[in-house]
Amino acid sequence: ATTEPCGPVYLVLPREMFWNKSEIPASGAQNPVSCPLTPDEKALASAAEILIKAENPLIVTGYSGRNQQCVPAMIELAETLAARVITSDFWVSFPNTHPMAAYLSVSGGFGNPLLTQADAVLAVDYDMHYASPPVTPNPNAKIIHIDIDTVKKGVPLWGRKPDIQMRAHSAQAIPLLTNMIKKNLSAERRAQLQQRFKVLAAEHDKLSKEWQDKARSHANRTPVSANWLSKCINEIKDDNTIIVNQCISPSAIVAHTIHYSKPGSLYSCQGGCIGWAPGAALGVKLAAPEKTVIGLMGDGAFIYGCPEATLWASHLYKAPFLAVIYDNRGYGAIKGLFKEKYNVTDMGADISEPPDFTLIARANKAYGRMVDDPADVPKALQECLGMVRQGHSAVLDVRIDPV
């Protein structure tokens, strides 16, 4: 479990083993198994050469932020190259407040068109999204892949073999790559990259402002806009807050409107398990009791997440958190996939008349409140956070634009 790639390990034992007494030597804690993954210097040099020459390089990362020390290394690389960075909302792998963080336009659709425009793509700890984005890199783009697992169950990223593939720890490989780039930059090229940095930074600031302006313009819009709700959440969180996010239908809005800059301040579901968010919020609070934990989820995720068990456990173990429900009353994510794949608008399931989530909260020793007026959102968030700080979990059901 503690050897890369780190993660849960399932151990199955016959029941009979638990009926017998066993003597186990007190050998103390076991050290993780060493798994040296030193990057190949020749591959690093080739990657550095490609990235230095690229006129429109793009860095994409999915889960490099699981190693928090990798975040400053990614920042230094992006600044050195003056390269945009597309980061998933799984972790804070790269701050979305940074000038090199790639933003979509407010009218952007599914997928990221920057991927098709790049002439070099550096993929670091990156998996294809489970919903299969419809965009792929330019066929002429050079692809460099750095990852603990470069095989990806036998399916290469975007269905093509990378030009350079390195099995390595990103926290070790990225600083080495950055140093190699710095060492080989001519004064002329360095000046060109500094100019490119200014252009991309201005683009980032413009797009970020557009997202914030759009959210602000929805302050009086009814039903409550996901943009406005996200902006209000962004304003009430602080450096001591951890966001646990499983918003699917409004995922682009949440990713562009809520700012993340501190490593370890965001955790999201990395698969297709709707219902992950409530239990994950409880788990994060148990692991970091000194933090304020805010879980963001859709109404479907709240229902699927066994809220009674989760909220009761949070009361029993004194691990309060705030659950904010982006309640669009419609299983929007699943309906969207059905429509995309099968051109079906009615999948035979609906929650247009949802249960009273506030009563579910109160039945399990938590505070519950429902909001459908945008003017009440900031006050309701503060009220719910106040309850959490007093030791009670809280559920805020915000009725947003229906799907």
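No experiment lies behind these values; they were computed from the predicted model shown. (Residues numbered from 1 in each chain as written. Predicted model: local features only at pLDDT ≥ 70, side-chain atom pairs only at ≥ 80, totals over all residues. Heavy atoms only, no water.)

**Considering the overall build of the chain**
Looking only at helices and strands, one finds 13 helices and 11 strands in the chain. The C-alpha atoms of the chain give 23 Å as radius of gyration, which agrees with the globular expectation for 403 residues (22 Å, within 12%). In terms of its C-alpha atoms, the chain occupies a principal-axis envelope of roughly 65 × 65 × 45 Å. By the burial criterion, 50% of the 403 residues in the chain qualify as buried. Pairs at least 24 residues apart make up 71% of the contacts formed inside the chain by residues separated by at least 6 positions. Total accessible area on the chain stands at roughly 19900 Å², and carbon and sulfur atoms take up 55% of it. Each charge sign in the chain was given a centre, from 39 positive and 39 negative side chains, and these centres are 3 Å apart. (Helix = DSSP H or I, 4+ residues; strand = E, 2+ residues; numbered from the N terminus. Rg over C-alpha atoms; globule rule 2.2 N^0.38 Å. Buried < 20%, exposed > 50% of the residue type's maximum accessible area, 1.4 Å probe, protein only. Contact = heavy atoms within 4.5 Å. Areas by Shrake-Rupley, 256 points an atom, 1.4 Å probe, with all protein chains shown as cover. Lys, Arg positive; Asp, Glu negative; His and termini not counted. Charge placed at Lys NZ, Arg CZ, Asp CG, Glu CD.)

**Description of the sheet that holds strand β9 (residues 322-327)**
Taken together, 6 strands build an open sheet; the order of strands is β7-β6-β8-β9-β11-β10 and the sheet is parallel. In this open sheet, the two strands that pair with only one neighbour each are β7 (266-268) and β10 (367-371). Along the sheet, successive strands turn relative to each other by an average axial angle of 15 degrees, direction set aside. With 6 bridges joining them, β9 and strand β11 (residues 394-399) adopt parallel strand pairing. Across the sheet, the residue bridging to Asp327 is Arg399, located in β11. With respect to the sheet, helix α13 (residues 377-389) is in contact with β8 (292-298), β9, β10 and β11, its orientation differing from that of β10 by roughly 175 degrees. (Pairing = 2+ DSSP bridges. Axes fitted to C-alpha atoms, helices over the stretch in contact; angles between N-to-C directions.)

**Here we look at helix α6 (residues 226-236)**
The buried count for α6 comes to 10 of 11 residues, which makes it a mostly enclosed element. Along α6, the residues classified as buried are Ala226, Asn227, Trp228, Leu229, Ser230, Lys231, Cys232, Ile233, Asn234 and Ile236. For α6, the side-chain oxygen to backbone nitrogen distance between the N-cap and Asn227 is 3.0 Å, and the N-cap itself is Ser225. (Polar contact = N/O pair within 3.5 Å; in protein donor to acceptor, adjacent residues only side chain to side chain.)

**Some thoughts on the pattern of salt bridges**
Opposite charge on two side chains lets them pair, provided their charged atoms get close. Taken as a whole, this structure holds 15 salt bridges when the rule is applied. The salt bridge involving Arg160 is made with Asp163; its shortest N-O contact spans 3.9 Å. By relative accessible area, which is 22% here, Arg160 ends up partly exposed. Here the salt bridges do not stand alone but share partners, grouping Lys142, Arg160 and Asp163 into one network. (Salt bridge = Lys/Arg side-chain N within 4 Å of Asp/Glu carboxyl O.)

**Section: the nonpolar core**
Counting 41 residues, the largest nonpolar core has Leu122, Ile144, Ile146, Leu177 and Ile181 as the members making the most contacts within it. Looking at this core, the elements with two or more residues in it are α1 (41-53), α2 (70-81), β3 (120-124), β4 (142-147), β5 (164-167), α4 (170-184) and α5 (187-217). In terms of residue count, the dominant contributor to this core is α2 (8 residues). Counting 35 residues, the second largest nonpolar core, distinct from the first, contains Val224, Trp228, Cys247 and Leu266. (Core = buried A, V, L, I, M, F, W, Y, C linked by side-chain atoms within 4.5 Å.)

**Observations regarding the packing of α5 against α6**
In the contact formed by α5 and α6, the axes pass within 7 Å of each other and the chain directions differ by 110 degrees. By the angle between their axes, α5 is roughly perpendicular relative to α6. Note on element contacts: α6 touches α5 through Asn227, Trp228 and Lys231, opposite Trp211, Gln212, Lys214, Ala215 and Arg216. Partitioned by chemical class, the residues of the contact of α5 with α6 number 3 nonpolar, 2 polar and 3 charged. (Parallel < 35°, antiparallel > 145°, perpendicular 65-115°, else oblique. Nonpolar A, V, L, I, M, F, W, Y, C, P; charged D, E, K, R; others polar.)

**Quick look at a nonpolar patch on the surface**
A cluster of nonpolar side chains, Leu11, Leu13, Met17, Phe18 and Trp19, forms an exposed patch at the surface whose accessible area comes to about 640 Å². Following the sequence through the fold, Met17 ends up in the segment before α1. (Patch = residues over 30% accessible without salt bridge, like charges linked within 9 Å, V, L, I, M, F, W, Y side chains within 5 Å.)

**So, the sheet that holds β4**
Spatial strand order, β2-β1-β3-β4-β5: 5 strands in an open sheet with parallel pairing. Because the sheet does not close on itself, it has two edges, and the strands there are β2 (84-87) and β5. Each strand of the sheet is rotated relative to its neighbour by a mean of 15 degrees, with strand direction disregarded. Direction of pairing for strand β1 (residues 57-61) relative to β3: parallel, over a ladder of 5 bridges. Across the sheet, the residue bridging to Pro57 is Ala120, located in β3. In the packing of α2 onto the sheet, contacts are made with β1, β2 and β3, and the angle to β1 comes to roughly 165 degrees.

Purely spatial values, then, with no claim about function.
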